[in-house]
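So you can see what is in the structure, the chains are spelled out below.
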Amino acid sequence: MQVFPSATHHRVSVSRLTVERAGALICALILGGCASFSGINPQSTMSDGHSIDGRALESSAAMKAARIDAVWPTATWWQAYRDPQLDHLISEAIANSPTLKVAQARIRQATAMTDIAKSATLPKVGAEASVTRELFTSDGLYPPPLGGTYNTSNGAYIRASYDLDLWDKDRNTLEAALDTVHVGSAEARAAQLSLESTIVNAYLQLATQYVMRDLATAALEQQQAIASIAHRRLKAGIGTNLEVSQAETNLPSARSTIEKVDESIALLRNQLATLTGQGPSAGDAIKRPSLAVKIAATGQNTSLPISLPSNIPAELIGRRPDVIAQRWRVEALGKQIDVAKAAFYPNINLSAFIGFESIGLSQFINSVSAVRGAGPAISLPIFDGGRLRANLSSQTAQLDAAIEGYNGALLQALQSVADQCVKLKSLQLQREQSEQALGLAQKTFDLAQRGFKAGLTPYLDVIHAQITLLQEQQHVAQARAAYLAAWAQLMQALGGGLGDDLPTVASAAIAKPAP
């Protein structure tokens, strides 16, 4: 007996065939919707520091000339100057500086953006309700008696959705936001280090100006003594008006020098007050720095601790706040590239809702008005490949720029360290020469003074010898101050101890991907 398929069997077969075709069509759409990002890769490579030879600095003449025990700077490196007033000024600046407060505000802003990115990784639940009074058309979906009458359309729902994040788009966005927080933290430390260095430099200038004022005052007194001797010689008939005129010519210049020094002291006080976040009037309370004693005292040892590791570039990566900030910026942009690549793939969201719908309020909250539903939502980038590739190219270019910015920052940091080592070596030699010249000037003055007491040397020779002595004292004070300032710049170049506790990137480098 021949058995023919029934109509029911035929409908089932057609139904299965339709489902299979629909599934195949969906798969084709998914695969076709995945735009290609081939050929778009970073062109730059991030230096890990080991490829830069910094070992020669440790054995260089600059470090040999230092001949002191080496320690890396701590977060309170300026305390090596042993000036309580300087310590107080820097503490005030860290607490009150508008620049640091701006940096802290940026950290809070980046942290808030991190919370926003984190919310994207969590399920979302919301509620909504509406009541609308409307006139239902008589020629529409609703027949009489509703058609042509006024009534209310009511709805109340609880909706939930969750992004499956199959390609880690949301997770990478969150990690990029976290990296941005690290960037802000490192930049805040860099701003603090710059502020500390600026205060130390201004304070050293202030100390030097006080020494210069002492020397300028002594020089004026000596010029006045010379003029007095010239007047006495003229009255005694053994001098001339020319000698008096020559002696008095230098007096206005000497007084002008003191006035210029006083102006510099006042301006430096104003600068220090502003750097500490206070008004210029606060500068009046700044006293003479005790550092001036180190600058002016005869035979004072101004050596300060310096060190360089065996591989400076690799160490600077974890110690310089500005280099650390650039490194985190590269990491954040690397995550943004992963986000851009995830946009090439289909995105699937799960959503569900439950609630009530009704026309009229009498049956609104009732089981017969209950509605519910659930299902996936799929988005496919079918005709969006051009925009996605352009966005990925833009992100890749930004990453390349950040990598080169990082490499440049590392090279500049290394140059800064090397420059300060050369400076310290040169300044130490200059200081030694100046102190040697000061010793000779002191010897000349002592001989002139003994000769004058023995009646063998005129007093004018004593005065001239003392003026030369004062000039050499100025040179020594300037050389010592320059050495102390160069040490502060080296501490800044080494990171000032402010990068030691910052989080570091786990990856040592971002290599150039294969095409």
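This is a predicted model, so every value here is computed, not measured.

Cut-offs and rules
- Residues numbered from 1 in each chain as written.
- Predicted model: local features only at pLDDT ≥ 70, side-chain atom pairs only at ≥ 80, totals over all residues.
- Heavy atoms only, no water.
- Helix = DSSP H or I, 4+ residues; strand = E, 2+ residues; numbered from the N terminus.
- Buried < 20%, exposed > 50% of the residue type's maximum accessible area, 1.4 Å probe, protein only.
- Contact = heavy atoms within 4.5 Å.
- Areas by Shrake-Rupley, 256 points an atom, 1.4 Å probe, with all protein chains shown as cover.
- Expected span 1.5 Å × (residues − 1).
- Pairing = 2+ DSSP bridges.
- Axes fitted to C-alpha atoms, helices over the stretch in contact; angles between N-to-C directions.
- Patch = residues over 30% accessible without salt bridge, like charges linked within 9 Å, V, L, I, M, F, W, Y side chains within 5 Å.
- Salt bridge = Lys/Arg side-chain N within 4 Å of Asp/Glu carboxyl O.
- Lys, Arg positive; Asp, Glu negative; His and termini not counted.
- Parallel < 35°, antiparallel > 145°, perpendicular 65-115°, else oblique.
- Nonpolar A, V, L, I, M, F, W, Y, C, P; charged D, E, K, R; others polar.
- Core = buried A, V, L, I, M, F, W, Y, C linked by side-chain atoms within 4.5 Å.
- Arc of directions from axis to C-beta.
- Polar contact = N/O pair within 3.5 Å; in protein donor to acceptor, adjacent residues only side chain to side chain.

Enquirer: Quick question: what am I supposed to make of the overall build of the protein here?
Expert: When you go through the protein residue by residue, the secondary structure sums to 11 helices and 4 strands. Buried positions account for 38% of the 515 residues belonging to the protein. Nonlocal contacts in the protein, meaning residues at least 24 apart in sequence, comprise 84% of its contacts between residues at least 6 apart. Carbon and sulfur atoms provide 57% of the accessible area of the protein, an area that totals close to 27900 Å².

Enquirer: Explanation requested: helix α5 (residues 169–235) in the structure shown.
Expert: Since the α-helix turns once every 3.6 residues, residues separated by three or four places project in the same direction. Under the 1.5 Å per step criterion, the end-to-end length of α5 is 97 Å for 67 residues, consistent within 8% with the ideal 99 Å. Two residues or fewer past α5, Gly237 is found with a positive phi of approximately 80 degrees.

Enquirer: Please clarify how the sheet that holds strand β4 (residues 370–379) should be interpreted in this entry.
Expert: Backbone hydrogen bonds hold the strands of a sheet together, and the pairing may be parallel or antiparallel. If you trace the 4 strands from one edge of the open sheet to the other, you get β1-β2-β3-β4, paired in antiparallel fashion. In this open sheet, the two strands that pair with only one neighbour each are β1 (124–135) and β4. Between one strand axis and the next, the sheet turns by 20 degrees as a mean value, whatever way the strands run.

Enquirer: Sorry if this is basic, but what is going on with a nonpolar patch on the surface here?
Expert: Taken together, the side chains of Tyr162, Leu164, Leu166, Trp167, Tyr345 and Leu350 make up a nonpolar region of the molecular surface, amounting to roughly 510 Å² of accessible area. Within the secondary structure, Leu164 sits in the loop between β2 (150–163) and α5.

Enquirer: What exactly am I supposed to notice about the side chain of Asp170 here?
Expert: Structurally, the position occupied by Asp170 is in helix α5. Buried charge without a partner: Asp170 forms no salt bridge, and the closest opposite charge is Lys169, 4.4 Å away. In this structure Asp170 touches Ala120, Thr121, Asp163 and Asp165, once residues within four positions along its chain are discounted.

Enquirer: Please explain unusual backbone geometry as it appears in this structure.
Expert: In terms of backbone geometry, most residues other than glycine have negative phi values and most peptide bonds are trans. You will see that Asp165, though not glycine, has its phi angle at about 50 degrees, which is positive. The residue Asp165 is located in the loop between β2 and α5 in this model. Positive phi is not limited to glycine here, since Asp168 has a value of about 65 degrees.

Enquirer: Looking at this structure, how should I read the packing of helix α3 (residues 84–96) against helix α4 (residues 98–119)?
Expert: For any two helices packed against each other, one specifies the inter-axial angle together with the distance between the axes. α4 packs onto α3 with a crossing angle of 40 degrees between their chain directions and a minimal axis gap of 6 Å. Of the possible angle classes, the one that applies to α3 and α4 is oblique. Facing Ala93, Ile94, Ala95 and Asn96 of α3, the residues of α4 in contact are Pro98, Leu100 and Lys101. Considering only residue class, the contact of α3 with α4 consists of 5 nonpolar, 1 polar and 1 charged.

Enquirer: Just checking my understanding: could you explain the nonpolar core for this structure?
Expert: Nonpolar side chains in soluble globular proteins tend to be buried together. Of all hydrophobic cores here, the largest spans 71 residues; its most connected members are Trp77, Tyr81, Ile199 and Val200. Of all the secondary-structure elements, those providing two or more residues to this core are α3, α5, α6 (241–275), α7 (291–296), α8 (312–317), α9 (321–342), α10 (385–453) and α11 (459–493). Counting 13 residues, the second-largest nonpolar core is a separate cluster that includes Ala216, Ile229, Ala230 and Ala247.

Enquirer: Explain α4 to me, please; I cannot follow it from the model alone.
Expert: Over its 22 residues, α4 extends 32 Å from the first C-alpha to the last, a length consistent with the 32 Å expected when each residue adds 1.5 Å. For α4, the set of buried residues is Leu100, Ala103, Ile107, Ala110, Thr114 and Ala117. Seen from one end, α4 has its buried residues packed into an arc of 85 degrees, which puts them on one side. Exposed side of α4, more than 90 degrees from the buried face: Pro98, Arg108, Gln109 and Ile116 are the residues found there. On its buried side, α4 packs onto α3 and α5.

Enquirer: Sorry if this is basic, but what is going on with the environment of Glu128 here?
Expert: Locating Glu128 in the fold gives a position in strand β1. Each C-alpha atom of the pair Glu128 and Tyr157 lies 5.5 Å from the other, and the pair is 29 residues apart in sequence. Residues contacting Glu128, with those up to four places away along its chain left out, are Gly155, Ala156, Tyr157 and Arg159. Of note is the side chain of Glu128, whose polar atom sits 3.1 Å from the side chain of Arg159.

Keep in mind that these numbers describe shape and distance, not what the molecule does.
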